[in-house]
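Chains, contacts and geometry: an overview
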Amino acid sequence: DQQVKQNSPSLSVQEGRISILNCDYTNSMFDYFLWYKKYPAEGPTFLISISSIKDKNEDGRFTVFLNKSAKHLSLHIVPSQPGDSAVYFCAASGNGQNFVFGPGTRLSVLP
Amino acid sequence: DSGVTQTPKHLITATGQRVTLRCSPRSGDLSVYWYQQSLDQGLQFLIQYYNGEERAKGNILERFSAQQFPDLHSELNLSSLELGDSALYFCASSQGGDADNSPLHFGNGTRLTVT
């Protein structure tokens, strides 16, 4: 039973354009959501998070949007850069416990 | 650098053997989490410790066990190893505590190969 889903295994985007990565969750007890970036042979790196009391959080080129009614969140990267090419994981937790990760989306930013 | 240190980076061992993976959390973090990633799959939660006490258990096999020591470092013990245990094992830490919305910070993992 996948509580956190990332239905696109991969995504290709042209450099300079917007990358939109999507994530859906099923557990209504989740109240904290995060995005991580992972390069090969490294651990996941924290990118940005959002609490369920907000619907948007922005940090530089990265913006996370949360739609609680749809149980959906997305990560926007603008403008996309070749160095953004990595696997992106969506994660969710309830009450600061039990961080559940999605299967990941491989983003390729083409020069 | 996340501040989370995992040793060893690589481990090759035979079926039936036992290994210990070690993790030192970021300075000030009280919670340690262990995750398993097999063959480009997602991160599967194994177990969490907070300030020396087990806090949550995920899909951890009975052959696996963990502990967190008074200095807050943690060890994951894997015994009676099988070929299917070959994976990347990640440790992560956070400030921890109930209702504490702080992100996890990951180490670079230990790659275990069972032959």
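Here's a quick rundown of the structure.

Cut-offs applied
Position labels on residues start from 1 in each chain and follow its written sequence. Chain labels run from A onward and ligand labels from 1 onward, assigned in the order the entries are written. Side-chain atom pairs in this predicted model are given and counted only at pLDDT of 80 or more, local residue features only at pLDDT of at least 70, and totals for whole chains, interfaces and linings cover all residues. Side-chain metrics rest on all non-hydrogen atoms present in the structure, leaving aside hydrogens and water. When a carboxyl oxygen of Asp or Glu is within 4 Å of a side-chain nitrogen of Lys or Arg, the pair counts as a salt bridge. Strands here are runs of E lasting at least two residues and helices are runs of H or I lasting at least four, both read from the DSSP assignment and numbered beginning at the N terminus. Buried means the residue's accessible area, taken with a 1.4 Å probe over protein chains only, is under 20% of the maximum for its type, while exposed means over 50%, and partly exposed covers the values in between. Whether two residues are in contact is decided by their heavy atoms, any of which lying within 4.5 Å being enough. Buried area counts how much accessible surface, traced with a 1.4 Å probe, disappears from two parts once they are put together, with both parts' losses summed. Under this definition, polar contacts are N or O atom pairs within 3.5 Å; protein pairs additionally need one hydrogen-donor-capable and one acceptor-capable atom, and for neighbouring residues in sequence, both atoms have to be side-chain atoms. In this classification, the charged set is Asp, Glu, Lys and Arg, the nonpolar set is Ala, Val, Leu, Ile, Met, Phe, Trp, Tyr, Cys and Pro, and all remaining amino acids, among them Gly, are polar. To form a nonpolar core, buried Ala, Val, Leu, Ile, Met, Phe, Trp, Tyr and Cys residues must be joined to one another through side-chain atoms within 4.5 Å. What counts as a ring pair is set by centres within 6.5 Å for rings of Phe, Tyr and Trp (its six-membered ring), and what kind of pair is set by the plane angle: stacked under 30 degrees, edge-to-face over 60, tilted for all other angles. Strands qualify as paired when DSSP identifies two bridges or more between them. All axes here are fitted lines through C-alpha atoms, helices being fitted over the stretch that makes contact, and every angle between N-to-C directions spans 0 to 180 degrees.

1. Description of the pattern of salt bridges
Residue and element names in this part refer to chain B.
- Overall, the coordinates contain 4 salt bridges over all chains when judged by the stated rule.
- Across the salt bridge formed by aspartate 29 and arginine 26, the nearest N and O atoms sit 2.9 Å from each other.
- Where arginine 63 meets glutamate 82, a salt bridge forms, and the shortest distance between an N and an O atom there is 3.7 Å. You can see arginine 63 sitting in the loop between β6 (53-57) and β7 (64-68) and its partner glutamate 82 sitting in the loop between β8 (74-78) and β9 (87-94), a full 19 residues away along the chain.
- Glutamate 82 gets classed as partly exposed once you look at its relative accessible area, which sits at 44%.
- Residues joined in a network through salt bridges with shared partners are Arg63, Glu82 and Asp85.

2. Topic: the side chain of Ser94(B)
All names here are of chain B.
- Here serine 94 is to be found in strand β9.
- Judged by relative accessible area, which is 2%, serine 94 ranks as buried.
- What serine 94 contacts, discounting residues up to four positions off in sequence, is Asp29, Leu30, Ser31, Tyr33, Ser102, Pro103 and Leu104.

3. Looking at the interface of chain B and chain A
- Chain B puts 22 residues into the contact, and the matching count from chain A is 20 residues.
- When the two sides are added together, the surface that chain B and chain A hide from each other amounts to roughly 1,700 Å², 53% of it contributed by carbon and sulfur.
- Of all residues in chain B, the largest losses of buried area upon contact with chain A belong to Leu43(B), Asn101(B) and Phe106(B), amounting jointly to 29% of the total for that side.
- Summed over the shared surface of chain B and chain A, the result is 0 salt bridges.
- For the pair chain B and chain A, the number of links is 3 residue pairs in polar contact (both at pLDDT 80 or more).
- At the level of elements, β4 (31-37), β5 (43-50) and β6 of chain B are the ones that each hand at least two residues to the side of chain B that touches chain A.
- Class assignment of the residues belonging to the side of chain B that touches chain A gives a composition of 10 nonpolar, 8 polar and 4 charged.

4. Examining the nonpolar core
- Ranked by size, the top nonpolar core spans 23 residues in total, and within it Phe33(A), Trp35(A), Leu73(A), Leu75(A) and Tyr88(A) carry the most contacts.
- If one sorts the elements of this core by residue count, strand β9 (residues 86-94) of chain A sits on top with 4 residues.
- Ignoring sequence-local partners within four residues, the contact set of Phe33(A) consists of Tyr25(A), Ile48(A), Ser49(A), Ile50(A), Ser52(A), Leu66(A), Leu73(A), Ala91(A) and Ala92(A).
- Core analysis: the second largest hydrophobic core is formed by 20 residues, Leu21(B), Leu78(B), Leu81(B) and Tyr89(B) among them.

5. Considerations on the side chain of Gln36(B)
All names here are of chain B.
- Tracing the backbone through its elements, the reader meets glutamine 36 in strand β4.
- Side-chain polar atoms of glutamine 36 contact the side chain of tyrosine 89, separated by 2.9 Å.
- With residues up to four places along the chain from it excluded, the contact list for glutamine 36 reads Gly42, Leu43, Gln44, Leu46, Phe64, Asp85, Ala87, Leu88 and Tyr89.

6. Side note on the packing of aromatic side chains
- Here the structure, examined in full by the defined rule, presents 14 aromatic pairs over all chains.
- Taken together, a centroid distance of 4.6 Å and an interplanar angle of 40 degrees make the contact between Tyr25(A) and Phe33(A) tilted. Accessibility classification places Tyr25(A) together with Phe33(A) in one group, the buried group.
- Members of the aromatic cluster, connected to one another through ring pairs, are Tyr32(A), Tyr36(A), Phe46(A), Phe99(A), Phe101(A), Tyr33(B), Tyr35(B), Phe45(B), Phe90(B) and Phe106(B).

7. Brief notes about the sheet that holds β7(B)
All names here are of chain B.
- One open sheet holds the 4 strands; their spatial order is β1-β3-β8-β7, and the pairing between them is antiparallel. Sheet topology places β1 (5-7) and β7 at the edges, where each strand pairs with a single neighbour. Going across the sheet, the axis of each strand differs from the next one's by a mean of 15 degrees, ignoring polarity.
- Of the pairings in the sheet, the one linking β7 to β8 comprises 5 bridges and is antiparallel in character. Note that in β8 the partner of glutamine 68 across the bridge is serine 74.

8. Details of the sheet that holds strand β7 (residues 62-67) of chain A
Residues and elements named next belong to chain A.
- The sheet built from 5 strands is open, its strands ordered β1-β3-β8-β7-β6 with antiparallel pairing. What marks the edges here is a single partner per strand, and that holds for β1 (4-5) and β6 (56-59).
- In terms of strand pairing, β7 meets strand β8 (residues 72-77) through 6 bridges, oriented antiparallel. Of the residues in β8, the one forming a bridge with phenylalanine 65 is serine 74.

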